[in-house]
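Architecture and fold: a report
Chain by chain, the residues run as shown.
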Amino acid sequence: MSEKVKALLNGKGGNYIFPFFWQHGETEEVLRTYMRVIHEANIGAVCVESRPHPDFCGEQWWHDMDIILEEAKKYGMKVWILDDSHFPTGYANGAMKDQPLELYRQSITCRQYKGICGETITIPKADLETAEPFEPNMMEKMMTHNSADGATKQFADDRMLGVYAIRQDGADGFTNKENRIDLSGMVTEEGVTFQVPEGNWKIYVTQLTRNRGPHRDYINMMDKASCQVQIEAVYEPHWAHYKEEFGKTIAGFFSDEPELGNGHLYDHDNGLGCSPTMDYPWSRELEVRLKEELGEDFAGQLALLWEQDADAEKTASVRYAYMDQVSRLVEEDFSRPIGEWCRAHGVQYIGHLIEDNNHASKTGSSLGHFFRGLAGQDMAGIDDIGGQVMPGQEDGDLNMPPFRSRNGSFYHYGLGKLGSSAAAIEPLKNGDSMCEIFGAYGWAEGVRLEKYLLDHFMVRGINHFVPHAFSGKDYPDPDCPPHFYARGNNPEFPYFAELMKYGNRMCDLLSGGRHIASVAVLYDGEADWSGEHMPMQKVCRELLGSQIDLDIVSLDMLCDLSAYNGACDGNTLQINGETFGGLVIPYVKQIPARLADVLTQMDGLPVFFVDAMPDQVIGQEEKAVRLPKSCVQVPLANLSETLKAHGMYEVEAVPAYKYLSVYHYEKDRQIFMLLNESAEQRFAGNVYLPIGEDVVYYDAKW
């Protein structure tokens, strides 16, 4: 029997659960009672959520934190701290009001004017200099409490970035510079007048503004000096008050859904080219990089962020360049500096961004790239709230106001694997992943559903959880229930405490070792930027339903294997201690040149393009796709069968059963977690495991 299982049977194990403990300025008695109750619920840590507190980083906050830390030390608990006074992270506790204008968020917008041969297009100077106004939607009007200025603060520094006339027909101006005219030299005090020559033309006026988005008084995630305001306003005051507890009682800080902040709140349909009125995030650093990458006429080329009908290759190239630099700046200016500050002060940095419905690869409420957005964090964080994962709802594509929609396939087959993959493959994460869980499911959720959710994410490799939430407010608190103690009014709380004991045992079992997976699946973020592609969860679903385990890997990892303790020997791919028999790439019409280059360097590694080979390579002179013979095309319906024929599998269910989920983990012994995820069916058959030793069955409920 495993030594770890023996220890768990004797009640010895670590803590992997740290629920949100919401602060509203409750009395000392309530704070002490809740810390005791949480401890008695078999939980060894809390994440103190500051969002509802009336005096974050003020005297009452320090008073309340003193009490919480005192109680934590009494019970041997750890304390995490949510890193802002408003949701989402980036408000910097209101410190932006004292900062220079250039540190505020900024957007790029585009006005468009059509004309055909012989017509005259006249644009007043005011329309050249000022972006179209932002109209808050219903949710933004409802949620103005999230920020003092929110979507109402007005700035007076709008400016024109560029004004270009671009031919639309024939040899269009996006691919032929002769048909792209810079009109900036023609602007007068009245504006600009353009006599349309032969063909169909558009004038694109790209403009910069700070008067877009619902959170204008937040830091700019693509500006290093702006991001430093977050550290100075939140992190350093906590260090000043509690430095002797850093790395002891205080475990670290939690960033909750940091965002680029353009567009409308929680709009998941805000991808590139989605609307002519859309704005996209901007910064002075981004402007410098895009000028270097795209050339002096970059402002004209950026019109392709909005254009629907232009040359597909040129559109993909510009959009890829834009999003690549946006997400790199997020990593360099926001994620990594905060993580480095935390580790230099003896604590960890964790949290999550918005991943909803593959939104992690977009701007708006997310950060443009899942792996880059979390690059500086010590755990790979994800979030499951409000019915996103539900038994039997893996096919459900539902409308769920206010969160717009639910892509059941993503939540069931993509979300958990994103988190556990980053944990397994990024050296900084040390195998640690985290899921914020249970929140906003409502009072009907119950312990039975909560156990299902824990199992669902653990079998995908998640090994830390932040239950949402303990609220000290008078019962019933209407804010995103369920609440686990609820001032003693939750009748299921004793059973919740038993569930936490189970969760800690399982997470202890699935930590400190190594995940075993058969294949790597390429992250689809860059594909999403470029245009037509297959969402990665379709591939994950096919493989996981055939018990072929996987990790999702990013293009950055493949292009810099040494930074991830990796190598490719021509037959297998090794990344941070894991060995993959092959690489699976979901269909993408156009691939970036760096992907084509790295696949050529990995000649001999089996690479499976799902459904079709790419049509073009973007970002290089030669557009034709030239890949080694080890890259082959496989229909999605035949993918599992093909991988098994190549020996890329470990577990086999007979008869085949698509609801059997399996997770293989290696510690002092081989560990397999098997879970039937069907809401209705039982599995009757055999499961074959790749081990030649006696098997011990361990039920962690006891």
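Up top is the structure.
Conventions adopted
- Residues numbered from 1 in each chain as written.
- Predicted model: local features only at pLDDT ≥ 70, side-chain atom pairs only at ≥ 80, totals over all residues.
- Heavy atoms only, no water.
- Pairing = 2+ DSSP bridges.
- Helix = DSSP H or I, 4+ residues; strand = E, 2+ residues; numbered from the N terminus.
- Contact = heavy atoms within 4.5 Å.
- Axes fitted to C-alpha atoms, helices over the stretch in contact; angles between N-to-C directions.
- Phe/Tyr/Trp six-rings, centres within 6.5 Å; stacked < 30°, edge-to-face > 60°.
- Buried < 20%, exposed > 50% of the residue type's maximum accessible area, 1.4 Å probe, protein only.
- Disulfide = S-S within 2.5 Å.
- Polar contact = N/O pair within 3.5 Å; in protein donor to acceptor, adjacent residues only side chain to side chain.
- Arc of directions from axis to C-beta.

1. Here's the deal with the sheet that holds strand 12 (residues 348-352)
Spatially, the six strands line up as an open sheet ordered 12-10-3-2-1-18, and their pairing is parallel. Each edge of the sheet is formed by a strand with only one pairing partner; in this case those strands are strand 12 and strand 18 (470-471). Alignment of strand 1 (residues 20-22) against strand 18, held across two bridges, turns out to be parallel. Paired with F21 across the strands is F470, a residue of strand 18. Packing against the sheet, helix 6 (residues 224-242) makes contact with strand 3 (78-82), strand 10 (250-256) and strand 12, and its axis sits at approximately 165° to strand 10.

2. A few points about the packing of aromatic side chains
Think of a pair of aromatic rings as described by two things: how far the centres are apart, and how the planes are tilted against each other in angle. Going through the model one piece at a time under the given rule, you end up with 34 aromatic pairs. Look at F246 and W341: their rings are 6.4 Å apart centre to centre, the planes differ by 75°, and that puts the pair in the edge-to-face class. Of the two residues, F246 is situated in the loop between helix 6 and strand 10 and W341 in helix 9 (residues 312-344); the sequence distance between them amounts to 95 residues. Of the two residues, F246 and W341, neither departs from the other in class, the shared state being buried. A ring pair is formed by F484 and F496, whose centres lie 4.3 Å apart and whose planes are at 10°; its orientation type is stacked. In this pair, F484 is assigned in the loop between strand 18 and helix 13 (493-509) and F496 in helix 13, connecting sequence segments 12 residues apart.

3. Some remarks on the side chain of H352
Inspection of the secondary structure assignment puts H352 in strand 12. Here H352 falls in the buried class, since its relative accessible area comes to 0%. Those residues in contact with H352 that lie beyond four places of it in its chain are F254, S255, D256, E257, P258, L374, Q377, G381, I382, D383 and E436.

4. Structural notes on the sheet that holds strand 32 (residues 670-676)
Strand order in the open sheet made by the three strands is 19-31-32, with antiparallel pairing throughout. Either end of the sheet is taken by a strand with one partner, and the two such strands are strand 19 (514-515) and strand 32. As defined by bridge partners, strand 19 adjoins strand 31 (residues 660-666) across two bridges and the pair is classed as antiparallel. Each residue of the ladder has a partner; that of H515, found in strand 31, is Y665.

5. Remarks on unusual backbone geometry
Backbone phi values are negative for most residues with the exception of glycine, while trans is the configuration of most peptide bonds. Across the junction of H468 and A469, the peptide omega takes the value 15°, indicating a cis bond. Assignment of secondary structure puts A469 in the loop between strand 17 (465-467) and strand 18. Cis geometry is adopted by the peptide bond preceding P655, which originates at V654 and carries an omega value of 0°. Note on placement: P655 falls in the loop between strand 30 (652-654) and strand 31. The backbone of Q547 shows a phi angle near 60°, a positive value even though the residue is not glycine. Residue position: Q547 is located in the loop between helix 15 (536-544) and strand 21 (550-553).

6. What to know about the state of the cysteines
Tallied over the full model, the rule gives zero disulfides. Between C227, a cysteine without a disulfide, and C342, which holds the nearest cysteine sulfur, the sulfur-to-sulfur distance is 14 Å. Unpaired in terms of disulfides, C559 finds its nearest cysteine sulfur in C568, a separation of 12 Å. C559 gets classed as partly exposed once you look at its relative accessible area, which sits at 34%.

7. What to know about the environment of D455
Tracing the backbone shows D455 in helix 12 (residues 446-458). Through-space distance from the C-alpha of D455 to that of N430 is 21 Å; in sequence the pair is 25 residues apart. When residues no more than four places from it in sequence are discounted, the contact partners of D455 are Y502, M673 and L675. A polar contact of 2.5 Å, which involves the side chain of D455, links it to the side chain of K451. At 2.5 Å, the side chain of D455 and the side chain of Y502 are in polar contact.

8. Brief notes about helix 7 (residues 284-294)
Three or more residues of helix 7 are buried, namely L286, E287, L290 and L294. The arc that holds every buried residue of helix 7, seen down its axis, measures 100°, which confines them to one face. Close packing links the buried residues of helix 7 with strand 6 (159-167), strand 9 (200-209), strand 11 (280-282), helix 8 (298-301) and helix 9. G295 sits one or two residues past helix 7 and shows a positive phi near 105°.

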